[in-house]
Structures are given as C-alpha cells and as structure tokens.
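# Survey of secondary and tertiary structure
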Amino acid sequence: MFLNQEDFATVVRSTPLISIDLIVENECGEFLLGKRTNRPAQGYWFVPGGRVQKDETLADAFARLTLAELGLRLPQSAGQFYGVWQHFYDDNFSGADFTTHYVVLGFRLKVNQADLRLPDAQHDDYRWQTPGALLASDNVHDNSRAYFLAERQAGVPGI
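Note that this is a predicted model, so its numbers are computed, not measured.

Among all positions in helix H1 (residues 5-14), only Phe-8, Ala-9 and Val-12 are buried. Seen from one end, H1 has its buried residues packed into an arc of 105 degrees, which puts them on one side. Counted as exposed and oriented over 90 degrees from the buried face of H1: Glu-6 and Ser-14. On its buried side, H1 packs onto strand E1 (17-25), strand E4 (49-51) and strand E6 (100-110). Structurally, the start of H1 carries an N-cap: the backbone nitrogen of Glu-6 is 3.1 Å from a side-chain oxygen of Asn-4.

Printed below as a string of structure tokens:
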C-alpha cells in the first residue's frame with residue numbers, strides 16, 4: 001500500500017516507522033555504505049535498507065529490500081539478525097518541520113561483491129570500508145556507525 005505524501009507525512013509525524021538495515025560484508029571484510037540522496041540523513045554515508053510496508057511480512061520485506069538496495073533478491077535466511085535499533089532524525093522526507101523515528105531490524109549478511117548490482121535510486125555513490133575506517137570517517141551517519149562500535153560488537157562473531 002502506497003500513501004500519498006500528505007498521508008505519509010501524517011504517519012511520519014505521528015508514529016515510528018519499521019525498517020530493515022542491511023549490514024553487508026564483502027569477501028574482504030569490508031562493509032557497504034551508500035551516500036544518501038534523500039532525507040533523512042541526506043548527504044551521509046549509510047548502510048542500505050528501507051521501510052517495511054503495511055501488510056508485508058518481514059521475509060517479503062527482506063527479499064524486496066535486498067533486490068531494491070543490492071540488485072540481488074535474497075531470502076531472509078541469508079541474513080543474520082543483528083538486533084533492534086532506534087534511529088531518530090531531526091528532519092523527515094519532506095523537510096525539517098517534524099522529526100522521523102525508526103525502529104530498525106538489523107541484519108548482517110555476507111555477499112560476493114561482484115554479484116551486486118547497486119542502484120542509484122537512494123544513493124549517488126557507494127564505497128566499501130572496514131569497520132575501523134568507517135568509524136574514523138566523519139561523514140558516516142551515527143546510526144550506521146553504531147553497528148560497528150566496540151561496545152556493540154562484544155560477543156558478535158565476525159566484526
């Protein structure tokens with residue numbers, strides 16, 4: 001179900017949104033970041049992901065989002081659940097007159113970089129970075145950096 005902009009603005013102004021973030025690792029131990037073209041987090045480097053739609057199962061959302069964000073449709077079983085996160089933004093898709101709140105389901109997945117067909121709908125550039133390099137970068141959004149912070153990594157294999 002797609003809402004017109006006015007109805008969607010009412011939803012964003014009134015409730016949290018549910019989304020899936022994809023923490024995508026390549027065969028070299030680097031993680032995928034895209035430079036966002038849209039609000040919120042416009043101009044920042046961010047992990048791929050997107051909203052779960054009304055009446056969409058998480059499995060269907062995962063498959064749709066991996067296709068839309070990576071050019072590769074993957075089943076939810078291809079990802080390892082990485083926890084529930086909260087993202088708060090001072091702006092929204094239409095401007096800065098109200099905030100955006102996401103409840104995010106993080107999923108880690110490993111891919112062969114050559115298999116990806118990265119689109120340009122949400123990002124105007126992509127890069128692969130090690131956790132250390134992206135944490136040291138000042139233009140990686142804090143909500144994406146959080147996936148790689150040492151206190152979060154304790155006990156999580158592979159990071």
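Bringing the nonpolar core into the picture now. Of all hydrophobic cores here, the largest spans 22 residues; its most connected members are Ile-23, Leu-33, Trp-85, Leu-134, Tyr-147 and Phe-148. If you list the elements that add at least two residues to this core, you get H1, E1, strand E2 (31-36), strand E3 (45-46), strand E5 (80-89) and E6. Filtering out sequence-adjacent residues up to four positions away, Ile-23 remains in contact with Phe-31, Tyr-82, Gly-106, Phe-107, Arg-108, Leu-109, Tyr-147 and Phe-148. Core analysis: the second largest hydrophobic core is formed by 16 residues, Val-24, Phe-62, Phe-107 and Leu-109 among them.

On to the UniProt feature "site: Critical for catalysis" (unreviewed entry) in the protein. In the UniProt entry, the feature "site: Critical for catalysis" (unreviewed entry) is given for His-123. Along the chain, His-123 turns up in strand E7 (residues 123-129). If we ignore the near neighbours within four places in the chain, the residues touching His-123 are Gly-34, Lys-35, Arg-36, Thr-37, Phe-46, Pro-48 and Glu-69.

Moving on: the packing of aromatic side chains. The final tally for this structure, using the stated rule, is 8 aromatic pairs. Taking the centre distance of 4.8 Å and the plane angle of 45 degrees together, the rings of Phe-8 and Phe-93 count as tilted. Linking Phe-8 in helix H1 with Phe-93 in the loop between E5 and E6, this pair joins segments that are 85 residues apart in sequence. With relative accessibility at 14%, the residue Phe-8 sits in the buried group.

There is about 1200 Å³ of room inside the largest pocket. Along the wall of the largest pocket there are 41 residues; nearest its centre are Phe-8, Leu-17, Gly-50, Arg-51 and Tyr-102. Sorting the residues of the lining of the largest pocket by element identifies H1, E1, E4, helix H2 (58-70), E5 and E6 as the ones contributing at least two each. With 5 residues, E1 is the largest single contributor of residues to the lining of the largest pocket. Here the residues of the lining of the largest pocket are counted per class, giving 24 nonpolar, 10 polar and 7 charged.

As a further point, take the environment of Leu-22. Topologically, Leu-22 is positioned in strand E1. Note: C-alpha distance between Leu-22 and Leu-65 (43 residues apart in sequence) is 8.7 Å. With sequence-adjacent residues up to four places away left out, Leu-22 is seen in contact with Val-47, Pro-48, Gly-49, Phe-62, Leu-65, Thr-66, Glu-69, Leu-70, Phe-107 and Leu-109.

Conventions used here
Residues numbered from 1 in each chain as written. Predicted model: local features only at pLDDT ≥ 70, side-chain atom pairs only at ≥ 80, totals over all residues. Heavy atoms only, no water. Buried < 20%, exposed > 50% of the residue type's maximum accessible area, 1.4 Å probe, protein only. Helix = DSSP H or I, 4+ residues; strand = E, 2+ residues; numbered from the N terminus. Arc of directions from axis to C-beta. Contact = heavy atoms within 4.5 Å. Polar contact = N/O pair within 3.5 Å; in protein donor to acceptor, adjacent residues only side chain to side chain. Core = buried A, V, L, I, M, F, W, Y, C linked by side-chain atoms within 4.5 Å. UniProt positions renumbered as here; feature names shortened; annotations may be inferred. Phe/Tyr/Trp six-rings, centres within 6.5 Å; stacked < 30°, edge-to-face > 60°. 1 Å grid on protein atoms, 1.4 Å probe; cavity = no way out; pocket = protein on both sides within 12 Å on 5 of 7 lines; lining within 4 Å. Points joined across faces, edges and corners; volume = space filled by probe spheres on them. Nonpolar A, V, L, I, M, F, W, Y, C, P; charged D, E, K, R; others polar.

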